[in-house]
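# Architecture and fold: a report
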Amino acid sequence: MTAATGRADERVADVGPLRRLLIRPELGAVVGAIVVFSFFASQSAVFRSLDGIANWLDPAATLGIMAVAVALLMIGGEFDLSAGVMTGTSGLILVTLATEYGLDVWAAMTVGLVVALAVGLLNGLIVTRTRLPSFIVTLGTFLMLQGVNLGVTKLLTGTVQVGGLRSASGYDSAHTLFAGTIQIGGSSFRVAILWWLLVTAVATWVLMRSRQGNWIFAVGGDERAARAVGVPAARTKIALFMTTAFAAWLVGSILALRYTSVQANVGIGQEFIYIIAAVIGGCLLTGGYGSAIGAAIGAVIFGMADKGIVFLGWDADWFKFFLGAMLLLATLANRLVRRYAEEVKH
């Protein structure tokens, strides 16, 4: 009994507010966002204006929707390299069915959603049933979707682009809901920003307040241990792959309704941007750690850098340099934060 009282249970150990703040996975992204905003805002009056904010929140929104979904999957210990091309597939299905076959836009979007969820389900089943690395499985899906996008689009239209969505039935209502704008202070903000905030809020609630969130962290941290305590690991991972596919459908539909046309190669290469945004937001490549809010902030950093470089009149090639630098810095910062978090627990 004396030995039991000699050391307090570490599960109820008092951790101060500063330490709780320092071990938050999104801390590095918050600091990075403040630094990036301060730099560009000090150099450009347009950047810090309401119109400027609307301008750089736009790319952050579509990137953020995907980054949040990819972050959930990474916390669960998996990757999806088909996420980028899946946005293109969803957009192509929508525009092709609405323009070439006369379907109502809403019906075409529903078909696109079913296809996207089927691809996510297939990825999840293959990964969980075969135990193959998700990197390999989704790389195969990426290549197959890329081939289908190019082959089918050329077969139906003779080109690598399909357009004319504006004249399709149901376009106006769908455009208003997914690709319209709202006026705030005399500036036009894209509706996609609201979708991004909604996705981030739901994902954060799931991670922090639900049993499913505990399952995600558990399977990403140690799948065998998670299975041993009754966590449905396979079902959780399949749901995460389908969540990523749903986000890809949402982003693909938003972009298709916005531009009314889609090229067959759209989205290729974006999957790495999604992963980088999630890593900057605090996700570890090894799984079991990260946050949806951090991934959303990572997307904000990209949006600010993307438009800030343009506002300052710099060569756009510097954006790639920025991505690489931010990835390295974020990875190092996440490693230090994770190490500190482990020390705090012990």
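Our subject is the structure that appears above.
Residues numbered from 1 in each chain as written. Predicted model: local features only at pLDDT ≥ 70, side-chain atom pairs only at ≥ 80, totals over all residues. Heavy atoms only, no water.

### Concerning helix α13 (residues 233-259)
In this model α13 runs 39 Å from its N-terminal to its C-terminal C-alpha over 27 residues, within 8% of the 39 Å that 1.5 Å per residue would give. The buried count for α13 comes to 19 of 27 residues, which makes it a mostly enclosed element. Within two residues after α13, T260 carries a phi angle of roughly 65°, on the positive side. (Helix = DSSP H or I, 4+ residues; strand = E, 2+ residues; numbered from the N terminus. Expected span 1.5 Å × (residues − 1). Buried < 20%, exposed > 50% of the residue type's maximum accessible area, 1.4 Å probe, protein only.)

### Some words on the pattern of salt bridges
Under the criterion given, the structure shown has 5 salt bridges. One salt bridge in this structure joins D58 and R258, with 3.0 Å as the shortest N-O distance. Of this pair, D58 sits in helix α5 (residues 50-75) while R258 sits in helix α13, placing them 200 residues apart in sequence. A salt bridge links E78 to K237, with the nearest nitrogen and oxygen atoms 2.6 Å apart. Pair noted here: E78 is in the loop between α5 and α6 (83-100) and K237 is in helix α13, with a separation of 159 residues, a long-range link. You can call E78 buried: its relative accessible area is 9%. Relative accessible area serves as the criterion here: at 5%, K237 is assigned to the buried category. (Salt bridge = Lys/Arg side-chain N within 4 Å of Asp/Glu carboxyl O.)

### As for the pairing of strand β3 (residues 187-190)
Side-chain alternation along β3 places S187 and F189 on a buried face and S188 and R190 on a face that remains uncovered. Here 4 bridges tie strand β2 (residues 181-184) to β3, and the two strands are oriented antiparallel to one another. Within the sheet, the bridge partner assigned to I184 lies in β3 and is S187. As consecutive antiparallel partners, β2 and β3 are separated by 2 residues, and within that stretch G185 has a phi angle of approximately 60°, a positive value. (Pairing = 2+ DSSP bridges.)

### Thoughts on the layout of surface pockets
Taken as a whole, the largest pocket holds about 620 Å³ of empty space. Lining the largest pocket are 26 residues, with T62, L255, V266, Q270 and Y274 positioned closest to its centre. When residues of the lining of the largest pocket are traced back to their parent elements, those giving at least two are α5, α6, α13, β4 (261-263), α14 (270-280), α15 (292-311) and α16 (318-345). Grouping the amino acids of the lining of the largest pocket by side-chain chemistry returns 14 nonpolar, 10 polar and 2 charged. (1 Å grid on protein atoms, 1.4 Å probe; cavity = no way out; pocket = protein on both sides within 12 Å on 5 of 7 lines; lining within 4 Å. Points joined across faces, edges and corners; volume = space filled by probe spheres on them. Nonpolar A, V, L, I, M, F, W, Y, C, P; charged D, E, K, R; others polar.)

### A few points about the packing of aromatic side chains
Tallied over the full model, the rule gives 12 aromatic pairs. Summarising the aromatic geometry, the rings of F40 and F47 are spaced 5.5 Å apart at their centres and angled 35° between planes, so their arrangement reads as tilted. There is no split in this pair, since F40 and F47 are both buried. Residues F40 and W314 carry aromatic rings whose centres are separated by 6.3 Å and whose planes lie at 55° to one another, so their mutual orientation is tilted. Here F40 is found in helix α3 (residues 27-43), whereas its partner W314 is found in the loop between α15 and α16, with 274 residues between them in sequence. Note on F40: relative accessible area 5%, which makes it buried. What makes W314 partly exposed here is its relative accessible area of 40%. Connected via pairs of aromatic rings, a cluster forms that spans F37, F39, F40, F47, W56, F311 and W314. (Phe/Tyr/Trp six-rings, centres within 6.5 Å; stacked < 30°, edge-to-face > 60°.)

Everything listed here is a matter of geometry and, on its own, says nothing about what the molecule does.
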